[in-house]
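Close look at the chain arrangement
What follows is each chain in one-letter form.
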Amino acid sequence: MIRIQDLTKITDYEWEIPQTFRHDMRVPVRIFATRTLLEHIASDKSLEQAVNAATLPGLVGSIVVMPDMHQGYGFPIGGVAATEFPSGVVSPGGIGYDINCGVRLLASSLQAEASAPFMNTLATLLNQYCPSGVGKEGVVNLNLPELERLMREGSRWAFKNGYATESDLARTEEGGCVEGANPAKVSDRAKTRGRTQIGSLGAGNHFIEVDWVEAVLDQDTASIFGLREGCLVVQIHCGSRGLGHQVCTDYVQDFQAAVHRYGIDLPDRELVCAPMDSPEGQAYLGAMRAAANFAFANRQLLAHSARRAFEETFSAKLKGWQLVQVYDICHNIGKIETHLVDGTRIKVCVHRKGATRAFGPGSPDLPPEYRQTGQPVLVPGSMGTASWVLAGTEMSMQNSWGSSCHGAGRMMSRSQAKHEIHGEDLRRTLEKQGIQVRAGSLTGLAEEAPSAYKDVDAVVETVVAAGIARKVARLRPLAVVKG
Amino acid sequence: MVSKDSGYKEQFHTADWALHVWAASLPALFVAAARGMNNLSGAQTAQSPLVSRRFSAEAADNESLLVLFLSELVFVAEQEHLIFNKFNLKIQDSKLNVLMTGAPILSISKYIKAVTYHNLKIQKTETGFQVDIVFDV
């Protein structure tokens, strides 16, 4: 167990585990947290997992972890690691099972107050049009050639098939399509799991949430993002469903032998990896990108379903219900990016596992309208609590591999939450707060209770104080659909 | 089914699920792990029709065999809505052969999404074998 005394305090919001802490560390670990959040973090095995991640070959700079960090498997959730391209390694466990799990935010100009009488209908339609639950089938059933096309094209596939607008694509990380996807490197089993699941939400912590913009903290940036105080917005949180899970399962299995072939010694078998320029590394990158594109298309189809629910609920009654995409971000992914390291710009593979890309102003990877503001950073809360829209900063480019936090971060185990919280009671409590709840399972709802998570406001205050993001707007939930 | 000789117990994990599994023999350890996983998911199965299936795998070590075996059960539960709870299982020379019998799922609290290698190590004990397994949910 790593104690807080083992860490070096850099500022009130940054701590470091030096490379000398353990003999096999190749780089230090940099932690963004207040003392209070650090005490939560130190109560599980996440710091130990960050130290383990610091042993990967080819790492540069530091492993960076966010204040919403918690225990995962292999890598901690909330971790960011950069390996030198192309000789460094790629680690499937450093990206996670739910490849390109992410968040999409859509905004309307419909006042929440006016929409209140229709929120019950809207929640029911969202639940009906956005299938949820593990193994649940999606809204389209694809044959194999079409699935492979979707894995190559991502959101562009959705656009060609009438599920997306050009603006949706422009306002999606990577334009909704990561180049270099290779469906031939995705197993038949993964394709079987994905073929029927496109356009579905899944289970676990995935959700669709209708919120209202409770506060705008930066009016100019909020206007550019399309956020208006008092208006409805929609968040969609999900990923690559069974397909992504199977891709990760397959390559963690395959890489068990690869680490021996490349003489890589690791403290945890979940961290297995292969050099990016090796046949094994290339195969995984191709498959991982195919799964990432599947996830982009999945969130796009869910956005299409959400728009349908909004239209049916509001079109004959109110104005301003149309949903315009603010942004779509990945928080479980590996990306080849250029970053400044010791004064030199180098290409690295940034592994983000439970961390959001947070590119600052001027980045050519952002749509033109966001190049002055920095990237929208979407930080969902936990059903009853606020969610946040932040913007990326120059400091995030310098200090955190252009990354920021991805949510509140769990602090209570699922079994503890189930024992302490009764799903039906939670539903009633949320409904008393004016939040419509549609949940596939009441025990699943209890596992995701707000009290099972850290204080999202404290997490956001930390990344803002550390300078790796800035506040734009705060959202409050009105309706939640969960698997 | 939990007894002194063989069984499973849920372990603390912040975000996912973890099991401590023990048994007198390696095959019994695999069976206990499968039953523990079924129990975590809260699956209830129909009385009939009973379904039998053979599964074989080969791997470099027993930990990999265990992940392959449990991953097969995850896949079948998700895709065919079947839970297997009776196993005639043999492990020899890093090869697994199992005849499993199960039934369609009537209800389930939560499907397991993946079986991880996180700190996975089958250990020999005085009374048999033990292992800790972390599942992605």
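Just above sits the structure.
Residues numbered from 1 in each chain as written. Chains lettered and ligands numbered in written order. Predicted model: local features only at pLDDT ≥ 70, side-chain atom pairs only at ≥ 80, totals over all residues. Heavy atoms only, no water.

**Observations concerning the overall build of chain A**
So the rule is basically this: We count a stretch as a helix when DSSP gives it H or I for four or more residues in a row; a strand needs E for two or more, and each element gets its number in order from the N terminus. As a reference, a globule follows 2.2 Å times the number of residues to the power 0.38, and the radius of gyration itself is taken over C-alpha atoms. Buried residues are those whose accessible area, probed at 1.4 Å on protein chains only, stays under 20% of the maximum for their type, while exposed residues exceed 50% and partly exposed ones sit between those limits.
Within chain A one finds 16 helices and 19 strands. The C-alpha atoms of chain A give a radius of gyration of 21 Å, which matches the 23 Å a tight globule of 483 residues would have. Projecting the C-alpha coordinates of chain A onto the three principal axes gives extents of approximately 65 × 50 × 45 Å. For chain A, buried positions account for 66% of its 483 residues.

**Looking at the nonpolar core**
As a reminder of what qualifies: Nonpolar core, defined: a set of buried Ala, Val, Leu, Ile, Met, Phe, Trp, Tyr and Cys residues in which side-chain atoms within 4.5 Å join the residues together. We call two residues contacting when some pair of their heavy atoms lies within 4.5 Å.
Judged by nonpolar contacts, the single largest core of 164 residues is most densely connected at Ile31 and Val247 of chain A together with Phe69, Leu70, Ile133 and Phe135 of chain B. For this core, the element with the most residues is helix 11 (residues 279–314) of chain A, which contributes 12 residues. When sequence neighbours within four positions are dropped, the list of residues in contact with phenylalanine 69 of chain B reads Phe30, Ala34, Phe55, Phe87, Leu89, Leu96, Val98 and Met100 of chain B. The next biggest cluster of nonpolar side chains, apart from the first, holds 29 residues, and it includes Val234, Ile236, Ala303 and Phe314 of chain A.

**Considering the sheet that holds strand 4 (residues 63–73) of chain A**
Residue and element names in this part refer to chain A. To keep it simple, the criterion reads: By this definition, two strands are paired if DSSP reports at least two bridges between them. Angular values range over 0 to 180 degrees, each being the angle between N-to-C directions of two axes fitted as lines to C-alpha atoms, with helices fitted over their stretch in contact.
Taking strand neighbours across the sheet as the criterion, the seven strands line up as 1-2-3-4-5-13-12 in an open arrangement whose pairing is mixed. Two strands lie at the open edges of the sheet, namely strand 1 (8–11) and strand 12 (332–341), each paired on one side alone. Strand-to-strand, the axes of this sheet are offset by a mean angle of 40°, without reference to chain direction. Strand direction decides the pairing type here: strand 5 (residues 75–84) and strand 13 (residues 344–353), joined by six bridges, are antiparallel. Residue pairing in the sheet places glutamate 84 in a bridge with valine 348 of strand 13.

**Let's talk about helix 16 (residues 456–465) of chain A**
Residues that lie three or four places apart on an α-helix share one face, since the helix turns once every 3.6 residues. All names here are of chain A. Definition in use: As used here, the arc belongs to the directions running from the helix axis to the C-beta atoms.
Inspection of helix 16 places Val456, Val459, Val460, Thr462 and Val463 among the buried residues, and these make up the whole buried set. The arc that holds the buried residues of helix 16, viewed along the axis, is 155°, so those residues lie on one side. A positive phi of about 85° marks glycine 467, the residue just after helix 16.

**Some details on the pairing of strand 13 of chain A**
All names here are of chain A. The buried fraction of strand 13 is high, at seven of 10 residues. When strand 12 meets strand 13, the two strands line up antiparallel, connected through 10 bridges. What sits directly across from isoleucine 336, in strand 13, is cysteine 349. Here strand 12 folds back onto strand 13, and the loop between the two strands holds two residues, one of which, aspartate 342, carries a positive phi near 50°.

**Focus on the environment of tyrosine 73 of chain A**
Note that tyrosine 73 of chain A resides in strand 4. For tyrosine 73 of chain A, a relative accessible area of 4% gives the class buried. Expressed as a C-alpha distance, the spacing of tyrosine 73 of chain A and cysteine 273 of chain A, which sit 200 residues apart in the sequence, is 14 Å. Excluding residues within four positions of it along the chain, tyrosine 73 of chain A makes contact with Gln49, Gly93, Tyr97, Glu270 and Lys353 of chain A together with Asp16, Thr116, His118, Val134 and Asp136 of chain B.

**Overview of unusual backbone geometry**
Look at the link from phenylalanine 85 of chain A to proline 86 of chain A: it is a cis peptide, with omega at 5°. As for its position among the elements, proline 86 of chain A is in the loop between strand 5 and strand 6 (89–90). Residue proline 49 of chain B follows serine 48 of chain B across a cis peptide bond; omega there is 0°. Counting through the fold element by element, proline 49 of chain B comes out in the loop between strand 3 (44–45) and strand 4 (51–58). Unusually for a residue other than glycine, aspartate 342 of chain A sits at a positive phi of about 50°. Residue aspartate 342 of chain A is classed as exposed on the basis of its relative accessible area, which comes to 79%. The phi dihedral of serine 94 of chain B is positive, around 60°, even though this residue is not glycine.

**A look at the packing of aromatic side chains**
The line we're drawing: When two rings of Phe, Tyr or Trp (its six-membered ring) have centres within 6.5 Å they constitute a pair, described as stacked for plane angles under 30 degrees, edge-to-face for angles over 60, and tilted for the intermediate range. In our convention, an over-ring charge means Lys NZ or Arg CZ found within 6 Å of a ring centre and within 35 degrees of that ring's normal.
For the structure on display, the rule yields 11 aromatic pairs over all chains. Ring centres 5.4 Å apart and planes at 75° place the aromatic pair tyrosine 73 of chain A and tyrosine 97 of chain A in the edge-to-face group. Here tyrosine 73 of chain A, found in strand 4, pairs with tyrosine 97 of chain A, found in the loop between strand 6 and strand 7 (102–111); they are 24 residues apart in sequence, far enough to count as distant. Summarising the aromatic geometry, the rings of phenylalanine 30 of chain B and phenylalanine 69 of chain B are spaced 6.1 Å apart at their centres and angled 25° between planes, so their arrangement reads as stacked. Placement of phenylalanine 30 of chain B in helix 1 (residues 26–41) and of phenylalanine 69 of chain B in helix 2 (residues 62–80) is noted, with a sequence separation of 39 residues between them. With a relative accessible area of 0%, phenylalanine 30 of chain B lands in the buried category. On the basis of relative accessible area, phenylalanine 69 of chain B is assigned to the buried category, the value being 0%. A connected cluster of aromatic rings, assembled from ring pairs, spans Phe118, Phe310 and Phe314 of chain A. Lying across the ring of tyrosine 129 of chain A, arginine 308 of chain A places its NZ or CZ 3.7 Å from the centre. The ring of phenylalanine 359 of chain A carries arginine 357 of chain A above its face, with NZ or CZ at 4.3 Å from the centroid.

**Notes on the interface of chain B and chain A**
Defined as follows: Simply put, the buried area is the total loss of 1.4 Å probe accessible area from both parts when two parts are fitted together. Any carboxyl oxygen of Asp or Glu that lies within 4 Å of a side-chain nitrogen of Lys or Arg is treated as forming a salt bridge with it.
Contacts between the two partners involve 32 residues from chain B and, on the opposite side, 38 residues from chain A. Between chain B and chain A, a total of about 3,000 Å² is buried, with carbon and sulfur atoms accounting for 50% of that surface. It is Thr14, Lys113 and Tyr117 of chain B in chain B that bury the most area against chain A; as a group they hold 23% of the surface buried on that side. On the surface where chain B and chain A come into contact, there are five salt bridges. Here arginine 269 of chain A makes a salt bridge to glutamate 63 of chain B, at a shortest N to O gap of 3.7 Å. Broken down by element, the residue count for the side of chain B that touches chain A peaks at 10 residues, all from helix 2 of chain B.

**Re the packing of helix 1 of chain B against helix 2 of chain B**
Residue and element names in this part refer to chain B. The cut-off we apply is this: Should the near helix be turned anticlockwise from the far one by less than a right angle, the crossing is termed left-handed; should it be turned clockwise, right-handed.
Two elements in contact, helix 1 and helix 2, have axes separated by 11 Å at closest approach and are oriented at 35°. Relative to helix 2, helix 1 is oriented so that their crossing is right-handed. Residues Leu26, Phe30, Ala33, Ala34 and Met37 of helix 1 touch helix 2, and the partners they reach there are Asn62, Leu65, Leu66, Phe69, Leu70, Leu73 and Val74.

**Focus on helix 5 (residues 144–153) of chain A**
Residues and elements named next belong to chain A. For clarity, the cut-off: A 3.5 Å cut-off defines polar contacts: any pair of N or O atoms within that distance qualifies, except that in protein one atom must be a possible hydrogen donor and the other a possible acceptor, and neighbouring residues in sequence count only when both atoms are side-chain atoms.
Of the positions making up helix 5, those classed as buried are Glu146, Leu147, Leu150, Met151 and Glu153. Buried residues along helix 5 sit against helix 6 (155–160), helix 8 (188–195), helix 10 (241–261) and helix 11. The N-cap of helix 5, judged by a side-chain oxygen 2.9 Å from the amide nitrogen of glutamate 146 a few residues on, is asparagine 143. Phi for glycine 154, located one or two positions after helix 5, is positive at around 60°.

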